[in-house]
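Reading the structure
Now for the letters of each chain:
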Amino acid sequence: MSNDVDYKEITHKGLWGNNAALVQLLGLCPLLAVSSTVVNALGLGLATLIVLVISNSVVSLIRRQVSDAVRLPAFVMIIASAVTCTELLMKAFTYELYLILGIFIPLIVTNCAVLGRADAFASKNKLLPAAVDGFMMGLGFMLVLIAVGAVRELLGTGHLFADMHLIFGETARSWQLNVFGASFPNVIFALLPPGAFIVVGFLIAGKNVIDAKLKARADAVKAQTTKGSKRVRTTGSVA
Amino acid sequence: MLGQSISKNSLLLAAFALATAGTLALTNLGTKDRIAAAERAAQQRALFEIIPLPSHDNDLLNDVIPVPQSAQELLNVGSEASIYRARRNGEITALIVPARAPDGYSGDIDMIVGVNRDGSVAGVRIIRHKETPGLGDKIDLKKHQWILSFDGKSLQVPFVEEWKVKKDGGVFDQFAGATITPRAVVGQVKRVLEFVAANQQALFNDPLLTPTEQSSTKQSSTKQSSDTGKDHE
């Protein structure tokens, strides 16, 4: 790796181009299971983000000491202890949220996105880029989780941001937005597992549409600049 | 050559295991007290909802007795479950009994049932369930007020035969699209009341404790409560 690391590239890849949930389709199990409300999604997203930053940083720090043969057990050990520490911290500071997320906190160990980043990126890069990569990958995963959670909560219950006090303390109790009012017929389907699959499917489809549009626009711009540059050359040769 | 690399790698992994175990031990030490406090607070919140502070003056969390062996099958709880006792001026005014309905729509429904001395329900709260969101999960007070409809009811009012959901000819509402869940909860609350009624004397007539006895009971019950704390994890 060269010295000049392209952080813009890392950011773009983590949030969009190589998004853990929408492009790599990693960590779908927790994504689908706990995204029934925004607060659950945010809780698991934050936990995953913290684990990714810690595991990427530590893996990057020890990348020269660990031989190829034992690198995977070593990485798994690092990830597992990062997860357990996060779990203990959540239990200590956001106990009720910990009860809701339950088994999905320890299951972050099995989220392939975490081991994937450790092996594919952190083990080949310096500390800072590795940490930034972990942060951006985690952020990308968390944003997708929140998006899915928001759609499902809105359709399934008619309101948004319920129970936010589980993370942000008592002042957040009033953050709940009753978007559709009491007469809204709750689409229970959105809260059930099939609803989660369909929402994620639509998100992936939406991303592909946007990517296609962006590509078309980039092609058009390229075509234009080629034309323009020709004219410049012509006038230049005349003068 | 091979042996050398094996021993080198295993030493490396052992060092890793030690380092990660050390980190975990430190984190555990740092958060242990806070976690215990949070667990206690969560437990207490549920109990206080059923029996609010003004109506009892004892340390509810530490005044516990184990569920009698004979009743464990009826209540469908393990030997680690305990009954909490609310006292006023030393006299037991209400009990909080844990129970588990085995016949929910998707698995067990864990609940606690508060029973007053006169046999009426002080309150019911669902602790854990896996019922369908939007249908069966209305038994949770966060979603619906239904669970409050038990308050004040006893085996005399309404009659025992009416401890059913309306669809089965009883007095309790079912939900649109979900009958199995409320049926399971009603049935289990009824069983708790029957258990308390059958053991009225033994459960409520705890001899009034003198101050010295009280402090010694407190010590032993503190130990019990730390045991239940573990079960809660």
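Residues numbered from 1 in each chain as written. Chains lettered and ligands numbered in written order. Predicted model: local features only at pLDDT ≥ 70, side-chain atom pairs only at ≥ 80, totals over all residues. Heavy atoms only, no water.

**Digging into the overall build of chain B**
Regarding its fold elements, chain B presents 5 helices and 5 strands. The order of α-helices and β-strands along chain B, N terminus first, is α-β-α-β-β-β-β-α-α-α. Sorting the 233 residues of chain B into buried and exposed places 39% on the buried side. Here the contacts in chain B between residues at least 6 apart in sequence split such that 52% fall between residues at least 24 apart. (Helix = DSSP H or I, 4+ residues; strand = E, 2+ residues; numbered from the N terminus. Buried < 20%, exposed > 50% of the residue type's maximum accessible area, 1.4 Å probe, protein only. Contact = heavy atoms within 4.5 Å.)

**Considering the overall build of chain A**
Of the regular secondary structure elements, chain A holds 9 helices and 2 strands. Secondary structure elements of chain A occur, N-terminal to C-terminal, as α-α-α-α-α-α-α-β-α-β-α. Structurally, chain A occupies a C-alpha span of about 75 × 60 × 35 Å along its principal axes. The burial tally for chain A puts 42% of its 239 residues in the buried class. Residue pairs in contact within chain A that sit at least 24 positions apart in sequence constitute 76% of those at least 6 positions apart. Side chains of chain A give 20 positive and 13 negative charges; the mean places of these two sets differ by 14 Å. (Lys, Arg positive; Asp, Glu negative; His and termini not counted. Charge placed at Lys NZ, Arg CZ, Asp CG, Glu CD.)

**Digging into the side chain of A:D133**
Residues and elements named next belong to chain A. Relative to the assigned elements, D133 resides in helix α7 (residues 127-157). Looking at D133, its side chain comes within polar contact range of the side chain of N56, at 3.3 Å. Within the local environment of D133, its side chain forms a polar contact with the side chain of R117, the two groups lying 3.0 Å apart. Residue contacts for D133: discarding those within four places in its chain leaves I10, N56, R117 and F121. (Polar contact = N/O pair within 3.5 Å; in protein donor to acceptor, adjacent residues only side chain to side chain.)

**Details of the environment of A:I188**
With respect to the helices, strands and loops of the structure, A:I188 is situated in the loop between β2 (177-178) and α9 (193-238). Each residue touching A:I188, except ones within four places of it in the same chain, is listed here: B:P133, B:G134 and B:L135.

**So, the sheet that holds strand β1 (residues 64-66) of chain B**
All names here are of chain B. Here we have 5 strands laid out as an open sheet, ordered β1-β2-β3-β4-β5, and antiparallel in their pairing. Each edge of the sheet is formed by a strand with only one pairing partner; in this case those strands are β1 and β5 (121-128). On average, each strand axis in the sheet is tilted by 25° relative to the strand beside it, whichever way the strands run. In the packing of helix α1 (residues 2-50) onto the sheet, the strands contacted are β2 (82-88), β3 (91-104), β4 (107-116) and β5, and the crossing angle to β5 comes to about 150°. (Pairing = 2+ DSSP bridges. Axes fitted to C-alpha atoms, helices over the stretch in contact; angles between N-to-C directions.)

**Some words on the pairing of β4(B)**
All names here are of chain B. Among the 10 residues of β4, 7 are classified as buried, and the element is accordingly described as predominantly covered. When β3 meets β4, the two strands line up antiparallel, connected through 9 bridges. Along β4, the bridge assignment pairs R100 with D110. Between β3 and the antiparallel strand that follows it, β4, lie 2 residues. Strand direction decides the pairing type here: β4 and β5, joined by 6 bridges, are antiparallel. Considered in β5, the bridge of I112 is made with R125. The loop that links β4 with its antiparallel partner β5 comprises 4 residues; one of these, G119, has a positive phi angle of about 90°.

**A look at the packing of helix α3 (residues 38-61) of chain A against α7(A)**
Residues and elements named next belong to chain A. The interhelical angle for the contact between α3 and α7, taken along N-to-C directions, is 165°, at an axis separation of 8 Å. With respect to α7, the element α3 is oriented roughly antiparallel. You can see that α3 and α7 cross each other, and the crossing is right-handed. (Parallel < 35°, antiparallel > 145°, perpendicular 65-115°, else oblique. Left-handed = near helix turned anticlockwise from the far one by under 90°.)

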